[in-house]
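Survey of secondary and tertiary structure
Residues per chain are reported as follows:
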Amino acid sequence: MALNIENIVAELENATILELSELVKAIEEKFDVTAAAPVAAAAAGAGDAAAAKDSFDVELTSAGDKKVAVIKEVRGITGLGLKEAKELVDGAPTMIKEGLSESEANEVKEKLEAAGASITLK
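Residues numbered from 1 in each chain as written. Predicted model: local features only at pLDDT ≥ 70, side-chain atom pairs only at ≥ 80, totals over all residues. Heavy atoms only, no water.

In the nomenclature of an unreviewed UniProt entry, the protein chain is known as Large ribosomal subunit protein bL12 of Lactococcus lactis subsp. lactis. Regarding the protein chain, the relevant UniProt record gives this comment under Sequence similarities (unreviewed entry): "Belongs to the bacterial ribosomal protein bL12 family." Listed in UniProt under the heading Function (unreviewed entry), the comment for the protein chain reads: "Forms part of the ribosomal stalk which helps the ribosome interact with GTP-bound translation factors. Is thus essential for accurate translation." (UniProt positions renumbered as here; feature names shortened; annotations may be inferred.)

As structure tokens, this is what we get:
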């Protein structure tokens, strides 16, 4: 007996949530498997990863074509002098700021990308 996948999909499209829940339970019992454990483990793992990441580093990967604009922006963000900011930009890839919150890191990233730089958040 060959399965007709299209018919099965059509039946599932028209099923209610309650019917789908009963189907999952029946499959779990019949084949001695569980659908909930992998999903719960994956969700827990994703939550742990998000919770563990509470500080971000902004890395300048490239100054791009507008190097002068990037240097000016780096000066504004870091408070460095012109020479130090230029050395930082010339030394790309290099860290611009470290230990920032996600919103601060995204703000710095947006400013530098607007100036023409390529940025990576770590």
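The strand order β2-β1-β3 describes an open sheet built from three strands, whose pairing is antiparallel. The open sheet has two free edges, formed respectively by β2 (94–100) and β3 (118–121), since each of these has just one partner strand. Ignoring which end each strand starts from, the neighbouring axes of this sheet average 20 degrees apart. Alignment of strand β1 (residues 56–62) against β3, held across four bridges, turns out to be antiparallel. Across the sheet, Leu60 pairs through a bridge with Ile119, a residue of β3. With respect to the sheet, helix α6 (residues 102–114) is in contact with β1, β2 and β3, its orientation differing from that of β3 by roughly 170 degrees. (Pairing = 2+ DSSP bridges. Helix = DSSP H or I, 4+ residues; strand = E, 2+ residues; numbered from the N terminus. Axes fitted to C-alpha atoms, helices over the stretch in contact; angles between N-to-C directions. Contact = heavy atoms within 4.5 Å.)

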